[in-house]
Structures are given as C-alpha cells and as structure tokens.
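Structural features, examined
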Amino acid sequence: MLRRSWLAALAVIALLVPAAVLAKPLPKTQTAVFAGGCFWCMEHDMAGIPGVIKVESGYTGGHVKNPSYRDVTSEKSGHYEAVRVTYDPARLQYDYLLFRYWKLVDPTDAGGQFCDRGPSYRPAVFVANPEQRKIAEASRSKAAAKLKRGKMATPILDLGAFWPAEAYHRDYAKRNAAAYYAYRAGCGRDARLRAVWGN
C-alpha cells in the first residue's frame, strides 16, 4: 500500500512539474541596431559586452528587399552594414550599450569607417521607438562632448527592416581569427579609435 502511494505521488509530481516549467515566463530580451563600419568588427566587439546574448550581422536602412552583400557594397541599395544586438535588460541597459557603441566607432566620420569607405560603412544608431530615440539622442550629446578630435556626425535614424547577412559573414572573427585580426590591424581601426577617444 505504501509503495502504491509513493508511486502515485511520483506520478502526480511528474504531471505537475512540466506544467510548472511551461508556466514559468521566458526571460525578456530587447534589441538594438547599430551601424559602425565593418560588421565583422562590430559583431566581435559587441558580443563581449556583459548582458549581450546575441549579435547578428545584417543590413538595414535601404530600399531593396532582402539585399545581398553585393547589393549593399554596390552602394546602390541604400543599406548600412549593421548589427542587431539582443540583450538582457535585467543585466544591461540601453544607455550603457550606447556608451559602449560610441567607443567602438569613429562617430566623426560620415564617409565610412577606417579603411572601409562608402555609404554602406557609415556609422548610425537605428531606433525602434520614441523611448530609444530619446535615450540615443542624450547619449550622442554626451559622447560628442568627450571626443578628442572632430565633430559628431553620426545620425540617429528610425529602424526599418533588418535583413540578416549571409551565413559566411556570421561569427567571422571566431571562424577566421587570423584573417580577421590581420584585416583589423591593416584597416587601422584600433589606432583611429585611440586618436578619436584618447584611450
């Protein structure tokens, strides 16, 4: 009798546990979209920020649906190379993500970034709603006051469709470390950032 009661109790627990697990809400995440030149570099640098869950390379801001890398770099589609950052707002606030973003780009350069020239490589902050715009504008003003040289030239733009980049662009720095670091050094990214921000 005791054994039957014990087995019945286990059966009830087995039925209740999945329901409890399913009833538990999934952690909420938020997203932010930034352009900062080569999306390999932006993806690499933003992925290291505590609270960031995922960084996706892609294209936004243009007029062509589902653009390819060739479309974007032809400079005829109007798109920016960009990253979509998914983060945990319980660990990371949008204004801090912006603070980190500014230090990863040369916001004074409206013609591209570092050795990558052309409209698709320009820096920009893409906002999804009025709250993000308000925070982004305040953050841009603070960043502008800290520049060691040049004037702030990075726009804050309304976010439209974001198109993920081709698979071979994703996680490029992880999959092609030697080529990535050679590109980064040759492009002069880190030296320029030190000149612009003084650190």
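Now for a quick tour of the structure. Just so you know, these numbers come straight off a predicted model, no measurement behind them.

1. Observations regarding the environment of Tyr-172
Tracing the sequence through the fold places Tyr-172 in helix α6 (residues 172-175). Separated by 132 residues in sequence, Tyr-172 and Trp-40 place their C-alpha atoms 6.0 Å apart. If we ignore the near neighbours within four places in the chain, the residues touching Tyr-172 are Trp-40, Glu-43, Ala-177, Ala-179 and Tyr-180.

2. A short note on the packing of helix α4 (residues 94-102) against helix α5 (residues 130-146)
The N-to-C vectors of α4 and α5 enclose an angle of 40 degrees; their axes lie 10 Å apart at closest approach. Here α4 lies oblique to α5, going by the angle between them. Crossing handedness for the pair α4 and α5: right-handed. Contacts between α4 and α5 involve Tyr-94, Asp-95, Leu-98, Phe-99 and Trp-102 on the former and, on the latter, Gln-132, Ile-135, Ala-136, Ser-139, Arg-140, Ala-143 and Lys-146. Split into classes, the residues belonging to the contact of α4 with α5 amount to seven nonpolar, two polar and three charged.

What counts, and where the lines are drawn
Residues numbered from 1 in each chain as written. Predicted model: local features only at pLDDT ≥ 70, side-chain atom pairs only at ≥ 80, totals over all residues. Heavy atoms only, no water. Helix = DSSP H or I, 4+ residues; strand = E, 2+ residues; numbered from the N terminus. Contact = heavy atoms within 4.5 Å. Axes fitted to C-alpha atoms, helices over the stretch in contact; angles between N-to-C directions. Parallel < 35°, antiparallel > 145°, perpendicular 65-115°, else oblique. Left-handed = near helix turned anticlockwise from the far one by under 90°. Nonpolar A, V, L, I, M, F, W, Y, C, P; charged D, E, K, R; others polar.

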